[in-house]
Amino acid sequence: MRVSDKMKQHQVLNSLNKNRSELSNLQNQASSMKRVTKPSDDPGGVSRVMQNRTDAANMSQFEKNIFLGKSVLETTESVLAQMNDVLVRAKELALQAANDTNKGVPREMMASEVEQLYGSIVEMSNRRFGDRYIFAGHKTTQPPFTKEGAYSGDDGQIQIQTIDGQFMPMNLVGSQVFLGQDLSYGGTVPREANIPKTVEDLQKYKIDQIEAEFQRDELQDSHVETRGPANVGSVQRINERDPVTDARGVNIFQTVMGLEAALRTDDKVGVQESLESLDQALTQINLARAEVGGRINQLVATGEGIQRGLVDNKAYNSQIEDADVFQVMTEINKSNQTLEATLATSQKFMSQSLLDFLR
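Residues numbered from 1 in each chain as written. Predicted model: local features only at pLDDT ≥ 70, side-chain atom pairs only at ≥ 80, totals over all residues. Heavy atoms only, no water.

## Observations concerning the environment of Ser60
Right, on to step 1. In this fold, Ser60 is placed in helix 2 (residues 43-97).
Right, on to step 2. Ser60 sits in the partly exposed class, given a relative accessible area of 31%.
Right, on to step 3. For the pair formed by Ser60 and Gln307, sequence separation is 247 residues and the distance between their alpha carbons is 8.8 Å. (Helix = DSSP H or I, 4+ residues; strand = E, 2+ residues; numbered from the N terminus. Buried < 20%, exposed > 50% of the residue type's maximum accessible area, 1.4 Å probe, protein only.)

See the structure below:
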């Protein structure tokens, strides 16, 4: 095949363009410190990097969910700790009033302090996190309890997603904590097992919640008090079921109101009987605190796992898309030398003119 001068020129130009393109690519890698800057650089690597970035975004959202859940649960634990102190003080007063000496303090004066304690319980049962009531179930925009201790919330547990496929309730239902309703055996606060994950599940979940609320309202309407006003709620035990409502636990509002009524009517027997209910109320609150503590520990462990996952994610992406500085600088020097050699070689040919051929 005959090699013409035009073909030589094209070959020289192609070599120069190729060398300059490689050098430009290497210089971009050196300036950006990235080996992969566009999909064509490494299609498979770019696909993995994009998936890792999606996973990192999900993990970042899970981390925010965990922070919110921890904040709500820590607020709940603080309220329960204050509740425990209030019940301990009520028990101290009941113990003091259970004998005839009373250390010289009339029972009616103790009743005034118990009345203040009852007001504190009502306030704590309506405690909020931000502008949301933490013991109202899903009805977080309205106070869950009245001054008489009537519950107007629902039994919904607000779920947060901590990782793929795993949810955690971040609230305790007021009817369980303060009224002792729907407690599992031993008085523990059960977690909701059926969590909606699809639109169909969510619709069925809402229907079930409405039906459960109707049933709860019917049970409250049919509930009949079986004791006198001085001893309201003083004999119900945590592991026994109420014959009407079929609920375990004690009604803390009725327990404290019963103690106050017994003190005001100078009912020594009623005060003595209230001690058992106060012990059960303290156990009920401590079991709720244990549940909250367990959830917080689980969220902390999950959060630490997410943080490690984010670090591993970044390290894996760095291995795929980050450039090796030493290798890039070596390649730049090599490309520079190649370009200079190409220019030096082509200079002899490109410098020739028509006069050189006429000699």
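## Re the packing of aromatic side chains
The geometry of two aromatic rings is summed up by the distance between their centres and the angle between their planes.
Right, on to step 1. In total, this model carries six aromatic pairs according to the counting rule given.
Right, on to step 2. Summarising the aromatic geometry, the rings of Tyr118 and Phe253 are spaced 6.0 Å apart at their centres and angled 75° between planes, so their arrangement reads as edge-to-face. Residue Tyr118 is located in helix 3 (residues 107-125), and its partner Phe253 is located in helix 6 (residues 252-264); the two are separated by 135 residues in the primary sequence.
Right, on to step 3. Judged by its relative accessible area of 10%, Tyr118 falls in the buried class.
Right, on to step 4. Relative to Phe253, the ring of Phe178 lies with its centre 6.0 Å away and its plane at 35°, an arrangement referred to as tilted. (Phe/Tyr/Trp six-rings, centres within 6.5 Å; stacked < 30°, edge-to-face > 60°.)

## Observations regarding helix 3
Right, on to step 1. For helix 3, spanning 19 residues, the distance from its first C-alpha to its last is 26 Å, which sits close to the expected 27 Å at 1.5 Å a residue.
Right, on to step 2. Along its buried surface, helix 3 packs onto helix 2, helix 6 and helix 7 (268-321). (Expected span 1.5 Å × (residues − 1). Contact = heavy atoms within 4.5 Å.)

## Some thoughts on the packing of helix 2 against helix 6
Right, on to step 1. Interhelical geometry of helix 2 versus helix 6 gives an angle of 30° and a closest axis separation of 11 Å. One element, helix 2, and the other, helix 6, form an angle in the roughly parallel class. For the crossing formed where helix 2 meets helix 6, the hand is left-handed. Mapping the contact onto sequence places Met83, Leu87, Ala90, Ala94 and Ala97 in helix 2 and Ile252, Val256, Leu259 and Leu263 in helix 6.
Right, on to step 2. Of the residues that constitute the contact of helix 2 with helix 6, the class distribution is nine nonpolar, no polar and no charged. (Axes fitted to C-alpha atoms, helices over the stretch in contact; angles between N-to-C directions. Parallel < 35°, antiparallel > 145°, perpendicular 65-115°, else oblique. Left-handed = near helix turned anticlockwise from the far one by under 90°. Nonpolar A, V, L, I, M, F, W, Y, C, P; charged D, E, K, R; others polar.)

## Description of the side chain of Thr140
Right, on to step 1. Topologically, Thr140 is positioned in the loop between strand 2 (132-133) and strand 3 (159-163).
Right, on to step 2. Engagement of the side chain of Thr140 in a polar contact is seen with the side chain of Arg132, the distance being 3.2 Å.
Right, on to step 3. Setting aside its immediate chain neighbours within four residues, Thr140 contacts Asp131, Arg132, Tyr133 and Ile158. (Polar contact = N/O pair within 3.5 Å; in protein donor to acceptor, adjacent residues only side chain to side chain.)

## A look at the packing of helix 2 against helix 3
Right, on to step 1. Helix 3 packs onto helix 2 with a crossing angle of 165° between their chain directions and a minimal axis gap of 10 Å. Between helix 2 and helix 3, the crossing angle belongs to the class labelled roughly antiparallel. In this structure, helix 2 crosses over helix 3, and the sense of that crossing is left-handed. Here helix 2 contributes Val79, Gln82, Met83, Val86, Leu87, Arg89, Ala90, Leu93, Gln96 and Ala97 to the contact with helix 3, which in turn contributes Arg107, Met110, Glu113, Val114, Leu117, Ser120, Ile121 and Met124.
Right, on to step 2. Of the residues in the contact of helix 2 with helix 3, the class split is twelve nonpolar, three polar and three charged.

## Quick look at the pairing of strand 4 (residues 166-169)
A regular strand carries its side chains on alternate faces of the sheet.
Right, on to step 1. One ladder, built from four bridges, connects strand 3 with strand 4; its direction is antiparallel. Its bridge partner being in strand 4, Gln161 is matched across the sheet by Phe167.
Right, on to step 2. Connecting strand 3 to the next strand, strand 4, in antiparallel fashion are two residues, including Gly165 with a positive phi near 80°. (Pairing = 2+ DSSP bridges.)

All we've got here are geometric facts, nothing functional implied.
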